[in-house]
Amino acid sequence: GSVIMGVLFTNNESVSVRDANIKFERCYMYQINLGAQVAGTTVLSSSNNTRIARCSFPPNSSNSGFYSINGQPWTVNGITYYPNNCQIENSIINGINSIRNSTFNNNIFTNNGFSGTDGLICKNNILLGVFGLGPASNTFQNNISTGNTLPAGNGNVNGANSSLLFITGTSSRDKKYELAPASPARSAGVDGVDCGIFGGATPYILSGIPPYPVITDLQVSGTGSTTVPLNITISAKSNN
């Protein structure tokens, strides 16, 4: 039931989850491992129901076996179990591995793909490159790929021109994925939402800023008393 929000994980360290119902939101992480705590033949806890929303993972094109979200299956009484019922949305991802029966909506996949997966539902994502999509049991709907690997039909689009998808003129690791005014990803998602991290009900927030108001300007007249009021002018900004 814990929520980790607005955290920058440094030094390329991996984060391990061994309990259920953990949520990461607006974080910058190198890699997250989803597994379980097992004692003999007893599963003490597992990473099922993990939610990752509005997070950013760095690309790792130099390592073809690297996955941002990495499942670590556990075996009990000869049966292997995988992290499942996870929800990953509006995040920048470098591929996923060994995740089952989960949803991936409005993400951007920068490298690699779907290894060891099964029963995934993937909607409104943008795939930058050519990589495996896993077995036919994975469902892809209204996704856009710059390669040619998405299954035909179901609103999927292959061969998108990457130079037309996003805005230009910025090297920011997350702002560069804002859609261009005439991007083919606009209104291309399910029910007419934008594909990519800035579409859907929970759009990505630049720089992982937590959803709390911040004071942007504070002006105070000086000193005050019971007879002379203290005049204060405050300007604030919402980060929802």
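Just above sits the structure.
Reading the values: the criteria
- Residues numbered from 1 in each chain as written.
- Predicted model: local features only at pLDDT ≥ 70, side-chain atom pairs only at ≥ 80, totals over all residues.
- Heavy atoms only, no water.
- Helix = DSSP H or I, 4+ residues; strand = E, 2+ residues; numbered from the N terminus.
- Buried < 20%, exposed > 50% of the residue type's maximum accessible area, 1.4 Å probe, protein only.
- Contact = heavy atoms within 4.5 Å.
- Areas by Shrake-Rupley, 256 points an atom, 1.4 Å probe, with all protein chains shown as cover.
- Lys, Arg positive; Asp, Glu negative; His and termini not counted.
- Charge placed at Lys NZ, Arg CZ, Asp CG, Glu CD.
- Salt bridge = Lys/Arg side-chain N within 4 Å of Asp/Glu carboxyl O.
- Pairing = 2+ DSSP bridges.
- Core = buried A, V, L, I, M, F, W, Y, C linked by side-chain atoms within 4.5 Å.

Draft legend 1. Spotlight on the overall build of the protein. Secondary structure summary: the protein contains 1 helix and 22 strands in total. Overall, the C-alpha framework of the protein stretches about 80 × 50 × 35 Å when taken along its three principal axes. Residue burial in the protein is summarised as follows: out of 240 residues, 43% are buried. In the protein, of all internal contacts separated by at least 6 residues, the share reaching a separation of at least 24 is 41%. Just so you have it, the protein exposes about 11600 Å², and 49% of that area is on carbon and sulfur atoms. Averaging the locations of the 12 positively and 10 negatively charged side chains of the protein gives two centres separated by 1 Å.

Draft legend 2. Quick look at the pattern of salt bridges. Applying the stated criterion across every chain, the model contains 6 salt bridges. Close ionic contact of K23 with E25 constitutes a salt bridge, the shortest N to O distance being 2.9 Å. Among the charged side chains, a salt-bridge network with shared partners connects K23, E25, R26 and R54.

Draft legend 3. View of the pairing of strand β4 (residues 31-34). Burial of the side chains of β4 extends over both faces: Q31 and N33 are buried on one face and I32 and L34 on the other. Pairing geometry for strand β2 (residues 14-17) and β4, over 4 bridges, is parallel. Across the sheet, S14 pairs through a bridge with Q31, a residue of β4. In terms of strand pairing, β4 meets strand β8 (residues 69-71) through 3 bridges, oriented parallel. Residue pairing for β8: I32 is matched across the bridge by I69.

Draft legend 4. View of the pairing of strand β5 (residues 36-39). In terms of strand pairing, β5 meets strand β6 (residues 42-46) through 4 bridges, oriented antiparallel. Directly across from V38, in β6, lies its bridge partner V43. Counting the residues in the hairpin turn of β5 and β6 gives 2 residues, including G40, whose phi is positive at 65°.

Draft legend 5. Local environment of the nonpolar core. If you look at the biggest cluster of nonpolar residues, it comprises 27 residues, and the most contacted ones within it are F24, I32, I69, I96, F104, F109 and F114. Of all the secondary-structure elements, those providing two or more residues to this core are β2 and β4. Those residues within four positions of F24 in sequence are excluded, and the remaining contacts are I4, F9, V15, V17, M29, I32, R51, I52, A53 and C55.

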